[in-house]
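Structure assessment
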Amino acid sequence: MAAFRTNSTIARSILSAVSRRTLIRPVLAPAARSFSILAKPDATTSSTFKCNNNTQQKQGFATSLADFSIKSDDSLDQAQQYMDEGVSFQANNMLPLAMSSFQKSINVRPTAAAHYNMGVCYFQLGDFQSSINSFQESLKLSPHHADVHTNIATAHIKLNSNLDEALRHLQAAANIAPQDAEIQFNLAVISEQTGDFDGAINAYTAAVDLGIETASVNLRNVKTKKFAKLAKEAEFRDAKN
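Residues numbered from 1 in each chain as written. Predicted model: local features only at pLDDT ≥ 70, side-chain atom pairs only at ≥ 80, totals over all residues. Heavy atoms only, no water.

1. Some remarks on the overall build of the protein
Convention followed: Numbering of helices and strands runs from the N terminus, with a helix taken as a DSSP run of H or I at least four residues long and a strand as a DSSP run of E at least two residues long. Residue burial is assigned from relative accessible area. The probe radius is 1.4 Å, only protein chains are included, and a residue is buried under 20% of its type maximum, exposed over 50%, and partly exposed in between. Note on contacts: a residue pair qualifies if any of its non-hydrogen atoms lie within 4.5 Å across the two residues. Each accessible area is a Shrake-Rupley result for a 1.4 Å probe, and residues are judged covered by the shown protein chains and nothing else.
Scanning the protein for helices and strands turns up nine helices and five strands. The helix and strand sequence of the protein, counted from the amino end, reads β-β-β-β-β-α-α-α-α-α-α-α-α-α. Put simply, the protein has 241 residues, and 49% of those count as buried. Of all intrachain contacts in the protein linking residues separated by at least 6 positions in sequence, the fraction that spans at least 24 positions is 67%. When the accessible area of the protein is evaluated, it comes to approximately 11000 Å², of which 50% is carbon and sulfur surface.

So, in structure tokens, the structure goes:
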């Protein structure tokens, strides 16, 4: 099995990861991944958390309700205040207090970003099912965020190795952000592990084209696997005849 990897300088080994963005005033790019599961060739299976180099993103949370395209009003301003408070707590590794603030934000005004951050906190605490539940709530309010799908995929892998669900969410993430090299690499890894060699070849090829040079090693390996599988199937057919 290929292992998971990240290009981040702030990475923790996962099938043990932490998540990527929290909510603060500055508006971040609309899609920044929390749990990245990029694969390394020829290593044992693990997955890792990727973080953007922006210092305000290092702790793994979305930073502004505006990231999720919410119209401003008084309740949103109050929700943002609780969000800012939660980010501050999270930056100091005070997760229970951060979660309390994020929940207050949700109580004032349910937003995709607040549920997203709750999912990040649950993941960091090792409560992967609650993490999935929170990310699903985020998707209900903002269904087109590739990071949320990526996080859910990683949580499923961490929770119970549910590769089918992980694959489904990575495919959704790739549809939303087809030019994201990491998503393509992650999708290729899971496709390979579920036996979808054609899907893996396509995704590894995309990852190479998008700049992940190590994906070329994985691409060669999966092509070899596909050839061996076809040869075995042909041998079986010949034996039956």
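This is not the end of the story, as more comes after the structure.
2. Observations concerning helix 7 (residues 181-193)
Quick reminder of the rule: A helix is expected to span 1.5 Å multiplied by its residue count minus one. Polar contact criterion, stated in full: a pair of N or O atoms within 3.5 Å, where within protein one must be able to donate a hydrogen and the other to accept it, and residues adjacent in sequence count only if both atoms are side-chain atoms.
Over its 13 residues, helix 7 extends 19 Å from the first C-alpha to the last, a length consistent with the 18 Å expected when each residue adds 1.5 Å. The buried count for helix 7 comes to twelve of 13 residues, which makes it a mostly enclosed element. Regarding helix 7, its N-cap is Asp 180, as a side-chain oxygen of that residue lies 3.0 Å from the backbone nitrogen of Glu 182 further along. In the segment just after helix 7, Gly 195 is the residue with positive phi, at about 85°.

3. Things to note about the UniProt feature "repeat: TPR" (unreviewed entry) in the protein
Rules: UniProt positions are given in the numbering used here, feature names are shortened, and annotations may be inferred rather than shown by experiment.
Cross-referencing UniProt, the feature "repeat: TPR" (unreviewed entry) maps to residues 112-145 in the present numbering. Taken end to end, residues 112-145 is 79% helix and 0% strand, and its two terminal C-alpha atoms sit 10 Å from one another.

4. Focus on unusual backbone geometry
The backbone of Asn 93 sits at a positive phi, close to 60°, despite the residue not being glycine. Positionally, Asn 93 belongs in the loop between helix 1 (74-91) and helix 2 (95-108). Looking at Asn 93, the relative accessible area reads 63%, which means it is exposed.

5. Things to note about the environment of Met 99
With respect to the element layout, Met 99 can be found in helix 2. Along the primary structure Met 99 and Ala 114 are separated by 15 residues, whereas in three dimensions their C-alpha atoms are 9.5 Å apart. In contact with Met 99, not counting residues within four places along its chain, are Met 118, Cys 121, Tyr 122 and Leu 125.

6. Considering the pattern of salt bridges
Formally: Each reported salt bridge corresponds to a side-chain nitrogen of Lys or Arg within 4 Å of a carboxyl oxygen of Asp or Glu.
The tally for this structure, following the rule as stated, stands at four salt bridges. Between Glu 165 and Arg 168 there is a salt bridge, and its shortest N-O distance comes to 2.9 Å. Placement of the pair is Glu 165 and Arg 168 together in helix 6 (residues 163-176), with a separation of three residues, close to one helical turn. The partly exposed category is assigned to Glu 165, whose relative accessible area is 23%.

7. Here we look at helix 1
Rules: In this description, one arc is meant: the one made by directions from the helix axis to the C-beta atoms.
Between its first and last C-alpha, helix 1 extends 26 Å over 18 residues, near the 26 Å set by a 1.5 Å rise per residue. Along helix 1, the positions that sit buried rather than exposed are Leu 76, Ala 79, Gln 80, Met 83, Gly 86, Val 87 and Gln 90. The buried side chains of helix 1 occupy one side of the element, clustering within an arc of 120° when seen end-on. Immediately downstream of helix 1, the backbone of Asn 93 shows phi near 60°, a positive value.

8. Quick word on the packing of helix 6 against helix 7
This is how the line gets drawn: Angles here are taken between N-to-C directions and fall from 0 to 180 degrees, while the axes themselves are lines fitted to C-alpha atoms, restricted in helices to the stretch in contact. Orientation is classified from the angle alone, with under 35 degrees giving roughly parallel, over 145 giving roughly antiparallel, 65 to 115 giving roughly perpendicular, and any other angle giving oblique. Handedness of each helix crossing follows the sense of rotation of the near helix against the far helix: counterclockwise by less than a right angle gives left-handed, clockwise gives right-handed. Gly is placed with the polar residues, together with every amino acid not listed as nonpolar (Ala, Val, Leu, Ile, Met, Phe, Trp, Tyr, Cys and Pro) or charged (Asp, Glu, Lys and Arg).
Viewed as axis vectors pointing N to C, helix 6 and helix 7 meet at an angle of 150°, and their least axial separation amounts to 9 Å. Viewed along their axes, helix 6 and helix 7 adopt a mutual orientation that is roughly antiparallel. The handedness of the crossing between helix 6 and helix 7 comes out as left-handed. Of the residues in helix 7, those in contact with Leu 163, Leu 167, Leu 170, Gln 171, Ala 173 and Ala 174 of helix 6 are Ile 183, Gln 184, Asn 186, Leu 187, Ile 190, Ser 191 and Gln 193. Here the residues of the contact of helix 6 with helix 7 are counted per class, giving eight nonpolar, five polar and no charged.

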